[in-house]
Amino acid sequence: MKRMSPSRGSRIAKITFADFLKAGAERLRLSVVVGGDRLSREIDEPMVNRPGLALTGFFEHFAWERLQLFGNAETAYLRSLPDDERLSRIRSLFEHKALCVVYTSGHKPRRDEIRVAEEAGAIVMTSPLKTRALSHHSAFVLERLCAPKTSLYGTMVEVCGIGVLFEGDPGMGKSETALGLIKRGHALVADDLTCIRKDVASDTLYGSSSESTSGFMEIRGIGIMHVSSVFGINAVRGEKRLQLVVTFKRLKDIEGEIDRVGQRRLYKTILGVDVPQVVIPVSEGRDLVNLVETAAQQHKLIISGHDPVGELSERLRRRADDAHTKR
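Computed from a prediction, not measured in an experiment: that's the story for all the values here. Along every chain, residues carry numbers that run from 1 in the direction the sequence is written. This being a predicted model, a pLDDT of at least 70 is required before a residue's local features are given, and a value of 80 or more before pairs of side-chain atoms are given or counted; all residues contribute to the totals for chains, interfaces and linings. Note that water and hydrogens are dropped before the side-chain values are worked out from all heavy atoms of the structure.

A few words on the overall build of the chain. The helix and strand inventory of the chain stands at twelve helices and 17 strands. Buried positions account for 44% of the 327 residues belonging to the chain. Using a 1.4 Å probe, accessible areas were evaluated by the Shrake-Rupley method; residue-level cover was limited to the displayed protein chains. As displayed, the chain offers around 18,100 Å² of accessible surface, 49% of which is attributable to carbon and sulfur atoms. Secondary structure follows DSSP: runs of H or I at least 4 residues long count as helices, runs of E at least 2 residues long count as strands, and numbering of each begins at the N terminus. Here's how the labels work: a residue is buried when its accessible area is under 20% of the maximum for its type, exposed when over 50%, partly exposed in between, all with a 1.4 Å probe on protein chains only.

Given below as structure tokens:
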């Protein structure tokens, strides 16, 4: 098994409260009450926390780095306290380094609570979502924001249901191959520059286009094309799991290295994940669209358990054994 060199430029994302608000705008329905000028702060730990015990004055193991959720239980408890005690408990939360409080289930901070937060330099938000729903959706948004990411020069297309990334030197025909595949009913994910994120939990990679170029392609001699306007909305995918890398190389550069049988399995390491790789020689007259489509179909068979090289080897072995027996 041969492994190619790891991709460069990978990074572990650091996110701010502004990033969190933007990414969760539709899903979380958050509104900023206090601290709108402090949203450039980084989120130290991308998780949420229910500060129940902390509100009673017990701060051992208090997860201050996380977003603090004030749900029905927290709000009811605070409202049951005398005003001075209630404000003291909230002030103590901020004194123990809590940076952000989110009131859930439609609850709103009172004026005196807003004043305490402003004095502490904290951020206060509200959401109409129930605490359980906000906690679940926040975890999803934060996980995506903090996932390891990188960008690769290459075009990605969904071919036969799997995400295929084409890479190679400029002028090798990556965009033209993608265009041919789109006309056959496959779908564009990204052209020229593909953004890759890693799902840490499943150790899988997902590719997408940058926000500014999503759905667009550049074809030499034609120019910029909006794919869904030409071929329909089904011709574009927002994000797709990356399962195969196809590397285009000039035939003259690898003529002595070509594995005609396909017995060697190549892998390209991206963000620590080994992705199966196929190297396709490029020369005049080769039908790259057909070759990439076939490579994707072949890969689907392989991941389903079919091993054509092994099957052929076994068939030839049986025939040799039969010929030897008949002698």
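By definition, a salt bridge exists where a carboxyl oxygen of Asp or Glu is found within 4 Å of a side-chain nitrogen of Lys or Arg. The final tally for this structure, using the stated rule, is 17 salt bridges. Linking Asp37 and Arg38 is a salt bridge whose minimum nitrogen-to-oxygen distance equals 3.6 Å. A cluster of three or more residues bridged by salt bridges with shared partners is formed by Arg79, Asp83, Arg86, Asp112 and Glu113.

Before going further, it helps to spend a moment on the nonpolar core. Among the buried residues, those of types Ala, Val, Leu, Ile, Met, Phe, Trp, Tyr and Cys that are joined through side-chain atoms within 4.5 Å form a nonpolar core. The biggest cluster of nonpolar side chains holds 26 residues, and the ones touching the most others in it are Val164, Phe166, Met217, Val246, Phe248 and Val292. For this core, the secondary-structure elements that each account for two or more residues are strand S8 (155-159), strand S9 (162-167), helix H8 (174-183), strand S13 (216-219), strand S15 (239-250), strand S17 (273-282) and helix H11 (288-303).

Below, the discussion takes up the side chain of Lys174. Within the secondary structure layout, Lys174 lies in helix H8. Neither His nor the chain ends is counted toward charge; the positive residues are Lys and Arg and the negative residues Asp and Glu. An unpaired buried charge is present at Lys174: no salt bridge exists, and Asp192, the closest side chain of opposite charge, is 5.8 Å distant. In the analysis that follows, any N or O atom pair within 3.5 Å is treated as a polar contact, provided that within protein one partner can donate a hydrogen and the other can accept it, and provided that, for residues neighboring in sequence, both atoms belong to side chains. Side-chain polar atoms of Lys174 contact the backbone oxygen of Gly168, separated by 3.0 Å. In this structure the side chain of Lys174 is engaged in a polar contact, spanning 3.2 Å, whose partner is the backbone oxygen of Asp169. Only heavy atoms matter for contacts: two residues are in contact if any of them lie within 4.5 Å across the pair. For Lys174, the residues in contact, after removing those within four places along its chain, are Thr155, Phe166, Glu167, Gly168, Asp169 and Phe248.

Turning to the pairing of strand S7 (residues 149-153), a few remarks are in order. The two faces of S7 differ: Thr150 and Leu152 on one face are buried, but Lys149, Ser151 and Tyr153 on the other face are not. Strands qualify as paired when DSSP identifies two bridges or more between them. Relative to strand S11 (residues 193-199), S7 is paired through five bridges, and the arrangement is antiparallel. Paired with Ser151 across the strands is Cys195, a residue of S11.

Turning our attention to the sheet that holds strand S6 (residues 123-126). Read from one edge to the other, the open sheet built from five strands follows the order S2-S6-S5-S4-S3, with strand pairing classed as mixed. Pairing within the sheet leaves two strands with one partner each, and these edge strands are strand S2 (31-34) and strand S3 (48-49). With two bridges connecting them, S3 and strand S4 (residues 67-70) associate as parallel partners. Directly across from Val48, in S4, lies its bridge partner Leu67. Packing of helix H7 (residues 131-146) onto the sheet brings it into contact with S3, S4 and strand S5 (100-103), and relative to S4 it is tilted by some 160°. The convention used is that axes are lines fitted to C-alpha atoms, helices contributing only their stretch in contact, and that angles between N-to-C directions extend from 0 to 180 degrees.

This part takes up the pairing of S5. Here S5 shows two buried faces, one formed by Cys100 and Val102 and the other by Val101 and Tyr103. In this structure, S4 lies alongside S5, joined through three bridges in parallel fashion. The residue of S5 that forms the bridge with Gln68 is Val101. Direction of pairing for S5 relative to S6: parallel, over a ladder of four bridges. Each bridged residue has a counterpart across the sheet, and for Cys100 the counterpart in S6 is Ile123. Following the chain from S5 across helix H6 (residues 111-120) to the adjacent parallel S6, one finds a crossover that is right-handed. Consider the strands pointing away from the viewer: the crossover is right-handed when the path from the first strand over the helix to the second runs clockwise.

All right, on to H11 then. Between the first and last C-alpha of H11 there are 22 Å, a value that for 16 residues agrees with the 22 Å anticipated at 1.5 Å per step. Lining the buried residues of H11 we find S8, S9, H8, S15 and S17. Count one or two residues on from H11 and you reach Gly305, which has phi positive near 110°. Each helix should span, by expectation, one fewer than its residue count multiplied by 1.5 Å.

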